[in-house]
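A closer look at the structure
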Amino acid sequence: MCALPLFLPCAAGVEALLEEEVLRILPTAQVHAGRGGVALDGDPQDVMTLNLECRLAQRVLAEVAEGPYRDEHDLYELARGVDWQQWITPEHTLRVDTTAHRSPLRSLNFAALRIKDAVCDQLREATGTRPSVDTRHPDLPLLLHVAEERASLYVDTSGEPLFKRGWREDKGDAPLKETLAAAMLAAAGWRGTPEAGGALHDPCCGSGTIAIEAAQIACGIAPGLKRRFAFERLLPFADAEMRAQWQRLKSHAQSRIHASAVTIHASDVSFRMVDFARRNAQRAGVEQAIQFNGGDALERPAPTLPATLPGTLMINPPYGERIEVAGKARAPAHDEDDNKALVADFFPRLSAHWKRAYTQHPAGWTAWVLSPDMKLPGAMRLKESKRVPMWNGPIECRLFRFDLVAGSAR
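Residues numbered from 1 in each chain as written. Predicted model: local features only at pLDDT ≥ 70, side-chain atom pairs only at ≥ 80, totals over all residues. Heavy atoms only, no water.

1. Remarks on the sheet that holds strand S14 (residues 386-392)
- Reading across from one edge, S11-S10-S9-S12-S13-S15-S14 is the order of the seven strands in this open sheet, with mixed pairing throughout. This sheet does not close on itself; its edge strands, each paired only once, are strand S11 (290-294) and S14. Here the average twist between neighbouring strands, direction ignored, is 20°.
- Here three bridges tie strand S9 (residues 199-202) to strand S10 (residues 264-268), and the two strands are oriented parallel to one another. Each residue of the ladder has a partner; that of histidine 201, found in S10, is histidine 265. (Pairing = 2+ DSSP bridges. Helix = DSSP H or I, 4+ residues; strand = E, 2+ residues; numbered from the N terminus. Axes fitted to C-alpha atoms, helices over the stretch in contact; angles between N-to-C directions.)

Structure, rendered in structure tokens:
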């Protein structure tokens, strides 16, 4: 496999952050951020490195065909133009997924079927045998994207999406995706050092996603070190030289792991969720880097830090859309109106607590809050110093920054 066009999709609003991350991973790459992701040309080693090291991308897609189309026959011919014997044998399995943007096609399922037919027909003509379809764990995951006039066909080298790091087994009602937690940290400029973000505290940690992502960053742990990828089963990566290179990449990533230079704190009003977070952190290899506690975010005191070490509060609080607000001071909601009242009450009381507990630290605290409420700063009676557009799944949000220093409260 020679160099191919690669596309790394990401959540809306994360494109510029992903471009910066890819350039840190591959400093000599020509990277172009666009709508919904970044593009670059890459070889097999780049594919392996990006899957192993990238925190913000959803997948690493290798484009194998692109061109104009009018109907499903054109898509069949587009896929027939790829030499699939370079990717799989008849003993491999495949699956075709589709996405569309203003496509005139009536059935995306039929379009996917024609791509599958093209792969199977070519291999049957060449070998006498055709591969099978596996909708759950295919060896060759393919993604067809059809726009208004042009189509692109990709090999998904990641397989399962990259937010599945391999450590989350215990989760709550509305877990934050690991890629979004990493995007929040990247947008805040938090790098896990005293100079870039300082200590970190998530007072609504849930199953621990933000704290665990932060601890892995602070400890230099590559996000893909504990999982497998689809490319490991594909022919371009199957010879002895490529397998040895993959082992070298993982060994180098393992050798970079070190102790965190900053403290990371995680707490939650639910002791059950704190237990989930602790178990997830243990599987992620960062249990020793995080201090876990139970406690209401409206009452728990700020962590004690050295006078010269700044602190970062990072919080994905309940929205009232995906999960109810809880807390010692208020009873749980019993209907939608009650929960809206809890949400409306929670944020003013949270900011009041922050003004009391976090504004006295000499080096200062910076709070980052992810919320779909564009009027959140007014509700919290705080003036934001920055707001970053970010999507949490289908929910359009803003990541608000508040500087908690003495005299900052409005």
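2. Topic: unusual backbone geometry
- A positive phi angle, close to 60°, is found at arginine 102, a residue other than glycine.
- Locating arginine 102 in the fold gives a position in the loop between strand S5 (93-100) and helix H4 (108-127).
- Overall, the relative accessible area of 63% leaves arginine 102 in the exposed class.
- Of note in the backbone geometry, arginine 381 takes a positive phi value of approximately 55° without being a glycine.
- Along the chain, arginine 381 falls in the loop between helix H10 (376-380) and S14. (Buried < 20%, exposed > 50% of the residue type's maximum accessible area, 1.4 Å probe, protein only.)

3. Some details on the sheet that holds strand S2 (residues 32-34)
- Taken in spatial order, the eight strands make up an open sheet running S2-S3-S1-S4-S8-S7-S5-S6, and their pairing is mixed. Looking along the sheet, the strands with just one partner apiece sit at the ends: S2 and strand S6 (132-133).
- Relative to S6, S5 is paired through two bridges, and the arrangement is parallel. Bridged to threonine 93 within S6 is serine 132.
- Packing of helix H1 (residues 15-25) onto the sheet brings it into contact with strand S1 (4-9), S2 and strand S3 (37-42), and relative to S3 it is tilted by some 25°. (Contact = heavy atoms within 4.5 Å.)

4. Focus: the pattern of salt bridges
- Going through the model one piece at a time under the given rule, you end up with 21 salt bridges.
- With a closest N to O distance of 3.3 Å, arginine 398 and glutamate 396 form a salt bridge.
- The partner of arginine 401 in a salt bridge is aspartate 403, and the shortest N-O contact between them spans 2.8 Å.
- Of the residues examined, aspartate 403 reaches a relative accessible area of 27% and is grouped as partly exposed.
- Salt bridges sharing common partners tie together Arg55, Arg165 and Glu213. (Salt bridge = Lys/Arg side-chain N within 4 Å of Asp/Glu carboxyl O.)

5. Focus on the environment of alanine 62
- With respect to the secondary-structure elements, alanine 62 resides in strand S4 (residues 61-68).
- Alanine 62 gets classed as buried once you look at its relative accessible area, which sits at 0%.
- Here the alpha-carbon distance between alanine 62 and threonine 157, two residues 95 residues apart in the chain, equals 6.9 Å.
- Apart from the residues lying within four places of it in its own chain, the contact partners of alanine 62 are Leu4, Pro5, Leu6, Leu153, Tyr154, Val155 and Thr157.

6. Some thoughts on helix H3 (residues 72-80)
- Looking at H3, one finds that the buried residues are Glu72, Asp74, Leu75, Tyr76, Leu78 and Ala79.
- Looking at the buried side of H3, the elements it contacts are S4, H4, strand S7 (140-146) and strand S8 (150-156).
- Capping the start of H3 is the job of one residue whose side-chain oxygen sits 3.2 Å from the backbone nitrogen of histidine 73: aspartate 71. (Polar contact = N/O pair within 3.5 Å; in protein donor to acceptor, adjacent residues only side chain to side chain.)

7. Some details on the packing of aromatic side chains
- Counting across every chain of the model gives seven aromatic pairs.
- Ring plane angle 80° and centroid distance 6.0 Å describe the contact between phenylalanine 229 and tryptophan 246, whose orientation is recorded as edge-to-face. Note that phenylalanine 229 is positioned in the loop between helix H6 (209-219) and helix H7 (240-255) and tryptophan 246 in helix H7, a separation of 17 residues in sequence. Accessibility assignment for this pair places phenylalanine 229 and tryptophan 246 in one class, buried. (Phe/Tyr/Trp six-rings, centres within 6.5 Å; stacked < 30°, edge-to-face > 60°.)

8. Here we look at the environment of alanine 187
- Residue placement: alanine 187 occurs in helix H5 (residues 178-187).
- A C-alpha to C-alpha distance of 8.4 Å links alanine 187 and leucine 399, two positions 212 residues apart in sequence.
- Setting aside its immediate chain neighbours within four residues, alanine 187 contacts Leu17, Trp368, Lys386, Val388, Met390 and Leu399.

9. Section: H1
- All of the buried residues in H1 are Glu15, Leu17, Leu18, Glu21, Val22 and Ile25. Down the axis of H1, the smallest arc covering the buried residues is 155°, so these residues share one side.
- Where H1 is buried, its residues touch S1, S2, S3, helix H2 (44-53) and H5. (Arc of directions from axis to C-beta.)

10. Points about the nonpolar core
- Within the largest apolar cluster, 124 residues are counted, with the highest numbers of intra-cluster contacts made by Leu8, Trp84, Leu142, Ile290 and Trp354.
- Setting aside residues no more than four positions away along its own chain, leucine 142 makes contact with Trp84, Leu94, Arg95, Val96, Asp97, Ile115, Val119, Leu153, Tyr154 and Val155. (Core = buried A, V, L, I, M, F, W, Y, C linked by side-chain atoms within 4.5 Å.)

11. Considerations on the confidence of the model for the protein chain
- Counting all residues, the mean pLDDT for the protein chain is 92, and 91% of those residues have values of 70 or more.
- For residues 321-325, every residue scores under 50 in pLDDT, and the model assigns this stretch 19 contacts once sequence neighbours within four places are set aside.
- Predicted confidence is poor over residues 327-334, with pLDDT under 50, and the contacts of this stretch with residues over four places away or in other chains come to 16 contacts. (pLDDT = per-residue confidence, 0-100.)

12. Notes on the packing of H3 against H4
- Contact geometry for H3 and H4: axes closest at 8 Å, N-to-C directions at 40°. Overall, the two elements H3 and H4 adopt an arrangement that is oblique. Helix-helix and strand crossings are classified by hand; for H3 and H4 the assignment is right-handed. Touching Glu72, Leu75, Tyr76, Ala79 and Arg80 of H3 are Phe110, Ala111, Arg114, Ile115, Asp117, Ala118, Asp121, Gln122 and Glu125, all from H4. (Parallel < 35°, antiparallel > 145°, perpendicular 65-115°, else oblique. Left-handed = near helix turned anticlockwise from the far one by under 90°.)

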